[in-house]
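Here's the letter readout for the chains.
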Amino acid sequence: MAKKVEKQELTEVSEAQIAVHWKEEEYYQPSEKFKAQANMRDPKIFEQFTLDKFPDCFKAYADMLTWFEPYRTVLDTSEAPFWKWFAGGKINACYNCVDRNLAKYGNKAAFIFVPEPEKEPDVSVTYQELYDRVNELAALLRGIGLKAGDRVTFHMPMVPELPITMLACARLGIIHSQVFGGFSGQACGSRIQDSGSRVLITMDSYWRNGTLVDHKVNADIAVQTANELGQAVEKVLVWQRYPGKYSAKTPMVPGRDFFMNELLRQYKGQSVEPLALPSDGALFLMYSSGTTGKPKGAQHSIAGYLAYVTATSKWVLDIHPEDIYWCMADIGWITGHSYIVYGPLANAATSVMYEGVPTFPDAGRPWRIAERLGVNIFHTAPTAIRMLRKLGPQEPRKYKYHFKSMTTVGEPIEPEAWRWYYDEVGKGEAVITDTWWMTETGGILGTTMPAIHPMKPGSCGPAAPGIHPVIYDETGAEIPKGSGKAGNICIRNPWPGIMQTIWGDRDRYVKTYFGKYNRNPKSKDWRDWPFMAGDGALQAGDGYYRILGRIDDVINVAGHRLGTKEIESACLTVPEIAEAAVVPVQDELKGRVPEVYVAVKPGVQPSQAIVDRVIKANEEVIGKIARPKRVYIVPDMPKTRSGKIMRRVLAAISNRRDVGDVTTLANPDVVEQIRVMVQGKDATTTREELPDDIAKFGQVE
């Protein structure tokens, strides 16, 4: 059971007591039916991946790929911590995802694209069609002078043209950098500059919440921004959402902008041999989503990354070629790269790709799609789960789909939301893998193996095979499991999916991920280089890890570090609350205190009684130390277009500062409503600089 903080002096409340915020939950067992069909059901697998068998244990992952030339060394540590996996081999990611599936699965769908407008028909792309389209596009890219090692930036929505373009680049060894379609033109431009791209590939428009959005306008801003930063863009290649028809109001720029479908006519029927590329060549750059500072491009390798996402797609997501798999993430994030494109295709999967928002035109949309297409593996984020639950708690009951497994990714999921996902979405039949990982790790690190381990709401589980986490305190001492104490979760050993470096900034890579706990900067021994993930965590006595959110999203109240996730989770134990966000506010006495923003479920009227229950829940679940200074019931949370709550905007409002540019949010109007609620109609903002911890709050490095 969670430790309940009794009435004591604040100074007696230890960090251990406030870190353990979710009650120890019961276990849920996978069904016998699921276990019988699972790709990995042998508990002895973990014996093959013990630390004394590292790194050779990962040969099993490399064996899932097709090699042009065999590798010589499993792990080359000569430039630690710039790890080279499967060194000396030659391979091609596109070949592994497309060509090798043709003989057996050529007529099977690789992707089923579902447009947002329900009246538009699905578009099925078979492996053979994927092969043909990728080859023609590779011929085009080669024809305009692009070659291995060049960088190309994409700013594309969720359409089949995006994976096709990624794979065409991979075929030629061109390093792709996809910027999430919801990001602004400026954000895209700064990433173009950082990567040194000369070509931008975009789309004229796409559907979002019932509107055909002019996306081409962002390309012009991106090119201008890149230019101002010193990087010239020579060509902008524009896919058309409706081929043959231009759906944007922004004019094309002669000599710079070209329609992709017009250029492709010159390359019809052409094929391009996949290049045999060095295993440690770069496959792509994925920029972090931080809103300030220099963009940080995680560089991922061809062989190590592909081996890791192929194996985890097979063993953790349990993808078989005959499954219909739907990951509701956006390809603009690492989840989409790893678990919509590269991992599933390397396993000959059939993947559903949905263009729009999951709640358009109503909260039943995902379940209608799942029923119609026979989806049996479902993969989404806690943000989407909470949103779907808020808008349609009983919607899944109306539809006759059946999931065998479901994944959650992106942030910790509260036990209450987990149980709704299990009971309502999974109908009590599906296993859940609550996965923990991040852009820099390439693939899943913390998870149950679905046919081997029981599930435990609130915990991601143990670690994936070959991943050996450790929790260190600030001094570098190891925190033992079952101690109830939280610390910084690190991984003792490298793994094939780990990023190679930060593009163009090797020093930042070493400092950010290894600097804190590195034992010897000159060492070539991997044991001296634990990887620091940047998340707080604790490990229960049963070995399961509970992730507490980013280390930097911590509010230090009177010397006690409170994870914002803990406070938000306590708020969500109040039945009327649908969403919660916590921000730090300056306080003369305690330094920082939490302020809470909550949104209530549909049909619930805001009231002081709800506010009182939220305060009481924090005192009971965490302790008096977590009592919020104020609780605001808001009409909606300010959110990005990917559904992420923008806590930095709320922190600016609470601390009487300017909120900055909110035009890229999905619902910018709500910001002013909240500002008036908190500051009053005519409030003036303070011009003083915010303290560093509040200024950086909600902006992961």
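Residues numbered from 1 in each chain as written. Predicted model: local features only at pLDDT ≥ 70, side-chain atom pairs only at ≥ 80, totals over all residues. Heavy atoms only, no water.

### Topic: the overall build of the chain
Just so we agree on the cut-off: By the criteria applied, helices consist of DSSP H or I runs no shorter than four residues and strands consist of E runs no shorter than two, each listed in order from the N terminus. Using a 1.4 Å probe on the protein chains alone, a residue whose accessible area is under 20% of its type maximum counts as buried, one over 50% counts as exposed, and one in between counts as partly exposed. Any pair of residues with heavy atoms lying within 4.5 Å of one another is described as a contacting pair.
Summing up its helical and strand segments, the chain has 22 helices and 30 strands in all. Considered along the principal axes of its C-alpha atoms, the chain spans approximately 75 × 60 × 55 Å. Within the chain, buried positions represent 63% of all 701 residues. Across the chain, the fraction of contacts at a sequence separation of at least 24, relative to all contacts at a separation of at least 6, is 72%.

### Quick look at the packing of aromatic side chains
Selection rule: Whether two aromatic rings pair depends on their centres lying within 6.5 Å, for rings of Phe, Tyr and Trp, where Trp uses its six-membered ring; planes under 30 degrees apart make the pair stacked, over 60 edge-to-face, and the rest tilted.
Summed over the entire model, instances satisfying the criterion amount to 40 aromatic pairs. Aromatic side chains Trp367 and Tyr401 sit 5.7 Å apart centroid to centroid with 25° between the ring planes, which places their arrangement in the stacked category. With Trp367 in helix H14 (residues 365-373) and Tyr401 in the loop between helix H15 (382-391) and strand E19 (405-408), this residue pair connects regions lying 34 residues apart in the sequence. Given the relative accessible area of 1%, Trp367 is considered buried.

### With respect to the sheet that holds strand E6 (residues 151-155)
As a reminder, the rule being used: Strands are labelled as partners when DSSP assigns at least two bridges between them. Inter-axis angles, ranging from 0 to 180 degrees, are taken between N-to-C directions of lines fitted to C-alpha atoms, where helices are fitted over the stretch in contact.
Read from one edge of the open sheet, eight strands run E12-E11-E8-E6-E7-E14-E15-E23, paired in mixed fashion. Of all strands in the sheet, those bounded by a partner on one side alone are strand E12 (257-259) and strand E23 (501-502). Relative to strand E14 (residues 282-287), strand E7 (residues 175-178) is paired through two bridges, and the arrangement is parallel. Each residue of the ladder has a partner; that of Ser177, found in E14, is Leu285. The strands touched by helix H12 (residues 303-315) are E14 and strand E15 (297-301); relative to E15, the strand with the most contacts, the crossing angle is about 80°.

### Overview of the nonpolar core
One broad rule of soluble globular proteins: the nonpolar side chains tend to lie buried together. Operational definition: Throughout, nonpolar core names a set of buried Ala, Val, Leu, Ile, Met, Phe, Trp, Tyr and Cys residues whose side chains join them through atoms within 4.5 Å.
The biggest cluster of nonpolar side chains holds 123 residues, and the ones touching the most others in it are Phe58, Trp83, Phe86, Leu130, Leu141, Ile201 and Tyr342. With near-sequence residues (within four places) excluded, Leu141 lies in contact with Leu146, Ala168, Cys169, Leu172, Ile174, Ile201 and Leu237. Ala109, Trp326, Tyr401 and Phe403 belong to the second largest nonpolar core, which has 36 residues in total.

### A look at the sheet that holds E19
In spatial order, the strands read E5-E4-E17-E16-E18-E19-E20; together these seven strands make up an open sheet with mixed pairing. Taken across any chain shown, the strands that pair with only one partner, and hence form the sheet edges, are strand E5 (123-126) and strand E20 (431-434). On average, each strand axis in the sheet is tilted by 20° relative to the strand beside it, whichever way the strands run. The sheet strands contacting helix H7 (residues 127-143) are strand E4 (109-114) and E5, and the helix crosses E5 at an angle near 80°.

### Quick word on the side chain of Asn376
The topology assignment puts Asn376 in the loop between H14 and strand E18 (377-380). With a relative accessible area of 18%, Asn376 lands in the buried category.

### Quick word on the side chain of His453
Following the sequence through the fold, His453 ends up in the loop between E20 and strand E21 (469-472). With a relative accessible area of 14%, His453 lands in the buried category. Excluding its chain neighbours within four sequence positions, the residues that come into contact with His453 are Pro30, Phe46, Thr448, Pro462 and Tyr544.

### A short note on the confidence of the model for the chain
Cut-off, in case you're wondering: pLDDT expresses, on a scale from 0 to 100, how confident the predictor is about each individual residue.
Across the chain, the average pLDDT comes to 90, with 93% of residues at 70 or higher. Here residues 1-21 is a poorly scored stretch, pLDDT under 50, and it has 48 contacts once near neighbours within four places are set aside; other chains count.

### Details of helix H18 (residues 564-571)
The buried fraction of H18 is high, at eight of eight residues. Buried residues of H18: Thr564, Lys565, Glu566, Ile567, Glu568, Ser569, Ala570 and Cys571, and no others.

### Describing the packing of H7 against helix H8 (residues 161-172)
Put simply, the test is: Should an angle lie under 35 degrees it is considered roughly parallel, over 145 roughly antiparallel, and from 65 to 115 roughly perpendicular; all remaining angles are considered oblique. With the far helix as reference, a near helix turned anticlockwise by less than a right angle produces a left-handed crossing, and one turned clockwise produces a right-handed crossing. Each residue is assigned to one of three groups, with Ala, Val, Leu, Ile, Met, Phe, Trp, Tyr, Cys and Pro labelled nonpolar, Asp, Glu, Lys and Arg labelled charged, and all others, Gly among them, labelled polar.
The N-to-C vectors of H7 and H8 enclose an angle of 60°; their axes lie 8 Å apart at closest approach. When the axis of H7 is compared with that of H8, the two are oblique. Judged by the sense of rotation from one axis to the other, the crossing of H7 with H8 is right-handed. Contact residues: H7 offers Leu130, Tyr131, Arg133, Val134, Asn135, Leu137, Ala138, Leu141 and Arg142, while H8 offers Glu161, Ile164, Thr165, Leu167, Ala168, Cys169, Arg171 and Leu172. Broken down by class, the residue content of the contact of H7 with H8 amounts to 11 nonpolar, two polar and four charged.

### What about the packing of H18 against helix H19 (residues 608-621)?
Interhelical geometry of H18 versus H19 gives an angle of 125° and a closest axis separation of 8 Å. The angle between the axes of H18 and H19 places the two elements in the oblique class. As H18 packs across H19, the resulting crossing turns out to be right-handed. Listed contacts from H19 to Ile567, Ala570 and Cys571 of H18 are Val614, Ala617, Asn618 and Val621. Looking at the contact of H18 with H19 residue by residue, the class counts come to six nonpolar, one polar and no charged.

### What to know about the pairing of strand E29 (residues 591-600)
Under the convention used in this document: Looking down the strands as they point away from the viewer, one classifies a crossover as right-handed if the path from the first strand across the helix to the second runs clockwise.
Of all the 10 residues making up E29, nine are buried; the element is thus mostly covered by neighbouring parts of the structure. Bridge analysis of E29 against strand E30 (residues 631-633) gives three bridges, and the strand direction is parallel. Within E30, the residue paired with Val596 across the bridge is Val631. Each parallel crossover has a hand, and for E29 linked through H19 to E30 it is right-handed.

### Some thoughts on the pattern of salt bridges
Put simply, the test is: Within this document, salt bridges are pairs made up of a side-chain nitrogen of Lys or Arg and a carboxyl oxygen of Asp or Glu, the two lying within 4 Å of each other.
Counted under the stated rule, the structure contains 37 salt bridges. Through salt bridges with shared partners, one network takes in Glu118, Asp362, Arg365 and Arg368.

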